[in-house]
Amino acid sequence: MAYSATAEDYYPGGDPYNNLTGNYAEADWGVHNLILNGGMKKGQWRTLTTDEWAYILYYRDGGVALVSSASIDGVKGIVILPDNGFEIPGGLEFTSFAAKSDINWNEGMHAYEAKSDIHDVNKYTVDEWKQLEAAGAVFLPCGGRRKYVNMDGANWLACYWSSTACEKYEGYARSIGCQGSGFYICASNSRSYAYSVRLVKDN
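Below is a short write-up of the structure. The structure displayed is predicted, hence computed values, not measured ones.

Analysis parameters
- Residues numbered from 1 in each chain as written.
- Predicted model: local features only at pLDDT ≥ 70, side-chain atom pairs only at ≥ 80, totals over all residues.
- Heavy atoms only, no water.
- Phe/Tyr/Trp six-rings, centres within 6.5 Å; stacked < 30°, edge-to-face > 60°.
- Helix = DSSP H or I, 4+ residues; strand = E, 2+ residues; numbered from the N terminus.
- Patch = residues over 30% accessible without salt bridge, like charges linked within 9 Å, V, L, I, M, F, W, Y side chains within 5 Å.
- Areas by Shrake-Rupley, 256 points an atom, 1.4 Å probe, with all protein chains shown as cover.
- Salt bridge = Lys/Arg side-chain N within 4 Å of Asp/Glu carboxyl O.
- Lys, Arg positive; Asp, Glu negative; His and termini not counted.
- Charge placed at Lys NZ, Arg CZ, Asp CG, Glu CD.
- Buried < 20%, exposed > 50% of the residue type's maximum accessible area, 1.4 Å probe, protein only.
- Contact = heavy atoms within 4.5 Å.
- Disulfide = S-S within 2.5 Å.
- Pairing = 2+ DSSP bridges.
- Axes fitted to C-alpha atoms, helices over the stretch in contact; angles between N-to-C directions.

1. Re the packing of aromatic side chains
This structure, assessed with the given rule, holds 13 aromatic pairs. Ring centres of Y59 and W105 lie 6.3 Å apart, and the angle between their planes is 90 degrees; on these two criteria the pair is classed as edge-to-face. On the criterion of sequence distance, the pair formed by Y59 in helix α1 (residues 50–59) and W105 in strand β4 (residues 103–106) is long-range, its members being 46 residues apart. Consider the rings of F97 and Y112, whose centres lie 5.0 Å apart with planes at 50 degrees: the pair is tilted. Linking F97 in the loop between β3 (75–80) and β4 with Y112 in strand β5 (residues 111–114), this pair joins segments that are 15 residues apart in sequence. Through successive ring pairs, a cluster of aromatic residues spans Y58, Y59, F97, W105, Y112 and F183.

And the structure:
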């Protein structure tokens, strides 16, 4: 595996403020990677923009009732439910961030902030999760990150890149991030960090 601790090595088109869209979409993680269970063809997948992440995680109709954290057989992460009349499979329960009195939305920070540990709001077995997944739910595991040359945060941090550059800090890009005290949907960090990606396919 090749990596660099220098953010400049990850500038699309040599500019720290370029997004991974338009003329620079070729630099997107999903464009040239063959997805084993996703068609095995180039150009099918891409990374969400920060606006798309924000829409899914908060601003869509009913969005606040469709996002939460969960532990699946001990693996921590974020659960995103679909809209359009989604119903929880029989016998299962889902508690959203919005339903928790100790978790509040901070509009200025674009974050769900917790007074206690934000993880494990819901707990599922593997079989229970299979039912939710079959109904359209998505799980973003806390895969941790590589910060320069060091790995940390496994099963604690959920860090996922967007395709959007951070307009405030040179060499930074926007991401979503979950840690014990909150879930931030417009976070940012150095492009030299290794985060997870959740790719999407346009219809």
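2. Thoughts on a negative patch on the surface
The grouping of E8, D9, D15 and E170 at the surface amounts to a negative patch. Checked against the element boundaries, E170 lands in the loop between β10 (158–165) and β11 (172–179).

3. A few points about a nonpolar patch on the surface
Judged by side-chain polarity, Y3, Y148 and V149 come together as a nonpolar surface patch covering roughly 310 Å² of accessible area. By the element assignment, Y3 lies in the segment before β1 (46–47).

4. What to know about the side chain of S175
Topologically, S175 is positioned in strand β11. Among the residues examined, S175 registers a relative accessible area of 3% and is labelled buried. Beyond its immediate sequence surroundings of up to four residues, S175 is in contact with Y160, W161, S162, Y184, I185, C186, A187, S188 and Y195.

5. Brief notes about the state of the cysteines
All chains considered together, the criterion is met by 0 disulfides. For C166, which is in no disulfide, the shortest distance to another cysteine sulfur is to C186 and amounts to 10.0 Å. As a non-bridged cysteine, C178 has C142 as the owner of its nearest cysteine sulfur, 5.3 Å distant. A relative accessible area of 2% places C178 in the buried class.

6. Description of the pattern of salt bridges
In the structure shown here, the tally under the stated rule is 6 salt bridges. Its salt-bridge partner being R60, residue D83 comes within 3.5 Å of it at the nearest N-O pair. Remark: R60 occurs in the loop between α1 and β2 (67–72) and D83 occurs in the loop between β3 and β4; sequence separation between them is 23 residues. Judged by relative accessible area, R60 falls into the buried class, the value being 6%. Residue D120 pairs with K76 through a salt bridge whose shortest N-O separation is 2.9 Å.

7. As for the sheet that holds β11
Taken together, 5 strands build an open sheet; the order of strands is β4-β5-β12-β11-β10 and the sheet is antiparallel. The two strands at the open ends of the sheet, each matched to only one other strand, are β4 and β10. Going across the sheet, the axis of each strand differs from the next one's by a mean of 40 degrees, ignoring polarity. The sheet contact formed by β4 and β5 spans 4 bridges and is antiparallel. Opposite I103, over in β5, you have A114 as the bridge partner.

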